[in-house]
Amino acid sequence: MMWFMNTKHFGLRGCDEHRRMKWGDVQLLTDVNGAEYLEYSERQTKTRTGGEPRNVRAVKPKAYSFANGSPDRDPVFVYKVYCEKRPSSMTDSDSPFYLVLIILRILQKNHGSRPVLWESTI
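Residue positions are counted from 1 within each chain, in the order its sequence is given. With pLDDT at 70 or above as the cut-off, local features in this predicted model cover only qualifying residues; side-chain atom pairs require 80 or more to be listed or tallied, and sums for whole chains, interfaces and linings still use all residues. Each side-chain value is worked out from all heavy atoms of the structure, with water and hydrogens disregarded.

You'll find the protein entered in an unreviewed UniProt entry as ZMYM2-like/QRICH1 C-terminal domain-containing protein, with Porites lobata given as the organism.

A.B. asks: Got a minute to help me understand the overall build of the protein in this structure?
C.D. replies: A tally of regular secondary structure across the protein gives three helices and five strands. Here a helix means four or more residues in a row that DSSP labels H or I, a strand means two or more in a row labelled E, and each is numbered from the N terminus. Each helix and strand of the protein, ordered N terminal to C terminal, gives the series α-α-β-β-β-α-β-β. For the protein, the residues scored as buried account for 25% of the 122 residues in total. What makes two residues a contact is simply this: any of their non-hydrogen atoms within 4.5 Å. Look at the contacts in the protein between residues 6 or more apart in sequence, and 45% of them connect residues 24 or more apart. Per-residue accessibility takes into account occlusion by the displayed protein chains alone, with areas from the Shrake-Rupley method and a 1.4 Å probe. For the protein, the exposed surface amounts to about 8,600 Å²; the carbon and sulfur share of it is 54%. A 1.4 Å probe rolled over the protein chains alone gives each residue an accessible area, and that area as a share of the maximum for its type sets the label: buried under 20%, exposed over 50%, partly exposed in between.

A.B. asks: Help me understand the pairing of strand β1 (residues 26–30) in this model?
C.D. replies: Along any regular strand, the residues point their side chains to alternate faces of the sheet. When DSSP finds two or more bridges between a pair of strands, those strands are recorded as paired. Bridge count for β1 against strand β2 (residues 36–40) is five bridges, and the pairing is antiparallel. Within the sheet, the bridge partner assigned to Leu 29 lies in β2 and is Tyr 37. Linking two consecutive strands that pair antiparallel, namely β1 and β2, is a turn of five residues; a positive phi of about 90 degrees is found at Gly 34 within it.

A.B. asks: Could you clarify how one ought to interpret the packing of aromatic side chains in this entry?
C.D. replies: Centre distance and the angle of the planes are the two values used to describe a pair of aromatic rings. Here is the rule: rings of Phe, Tyr and Trp (six-membered ring for Trp) pair when centre to centre is within 6.5 Å. Planes less than 30 degrees apart are stacked, more than 60 are edge-to-face, and the remainder are tilted. Using the criterion set out here, one finds eight aromatic pairs in the structure. When the ring of Phe 10 is compared with that of Tyr 40, the centres are 5.2 Å apart and the planes differ by 20 degrees; the resulting orientation is stacked. You can see Phe 10 sitting in helix α1 (residues 2–10) and its partner Tyr 40 sitting in strand β2, a full 30 residues away along the chain. Relative accessible area serves as the criterion here: at 3%, Tyr 40 is assigned to the buried category. Measuring from centroid to centroid gives 5.5 Å for Trp 23 and Tyr 79, while their planes differ by 15 degrees, and the two rings are stacked. Of this pair, Trp 23 sits in the loop between α2 (15–19) and β1 while Tyr 79 sits in helix α3 (residues 75–85), and the two are 56 residues apart along the sequence. Classification of Tyr 79 by relative accessible area gives buried; the value is 6%. Site record: aromatic cluster; members linked through ring pairs are Trp 3, Trp 23, Tyr 79, Tyr 82, Phe 97 and Tyr 98.

A.B. asks: Even after reading the chapter, I still don't get the side chain of Ser 95, so can you show me in this structure?
C.D. replies: By secondary structure assignment, the location of Ser 95 is in the loop between α3 and β4 (99–107). Those residues in contact with Ser 95, other than ones at most four positions away along the chain, are Met 21, Lys 22, Trp 23, Arg 86, Ser 89 and Met 90.

A.B. asks: Would you explain the pairing of β2 in this entry?
C.D. replies: Buried residues dominate β2, accounting for four of its five residues. Bridging between β2 and strand β3 (residues 62–64) involves three bridges; their strand directions are antiparallel. Counted as the bridge partner of Leu 38 is Ala 63 from β3.

A.B. asks: Whenever I open this one, α3 confuses me. Can you help?
C.D. replies: Working note: α-helix, 3.6 residues per turn, so residues spaced by three or four point in the same direction. Taken together, the buried positions of α3 are Pro 75, Val 76, Val 78 and Tyr 79. Taken end-on, α3 shows its buried residues confined to a sector of 160 degrees, consistent with a single buried face. For α3, exposure combined with an orientation more than 90 degrees from the buried face picks out Glu 84 and Lys 85. Pairing of N or O atoms within 3.5 Å defines a polar contact, subject to two protein rules: one partner must be a possible hydrogen donor and the other a possible acceptor, and residues neighboring in sequence count only if both atoms are side-chain atoms. The N-cap residue of α3 is Asp 74: its side-chain oxygen and the backbone nitrogen of Val 76 are 3.1 Å apart. The arc under discussion is defined with respect to the helix axis, by the directions toward the C-beta atoms.

Written out as structure tokens, the structure is:
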């Protein structure tokens, strides 16, 4: 869901832009009227390489919360749920934005196994 939201609201075009996203690139902010929104700080992209200083977006992309709508379509609500489920060890600004679970099997003495979960980037 976050992949779709980031593509739709922040204009991320390719897989590479998503893979290079860091946790600190998206910030939850509040405007003067009290409305919550997400703001994306763009990194270098295929078309904006940083070589031309004037080739930057005039306004940072924003995704506002929907006051009257389904919560599962509200980008701010989805982001908050994503934050709650995110491991505390992966909340630094330079941590990868997207995570995936890797399940490892560890053999125990009683001939059983239990799954162990680890976080990793995609």
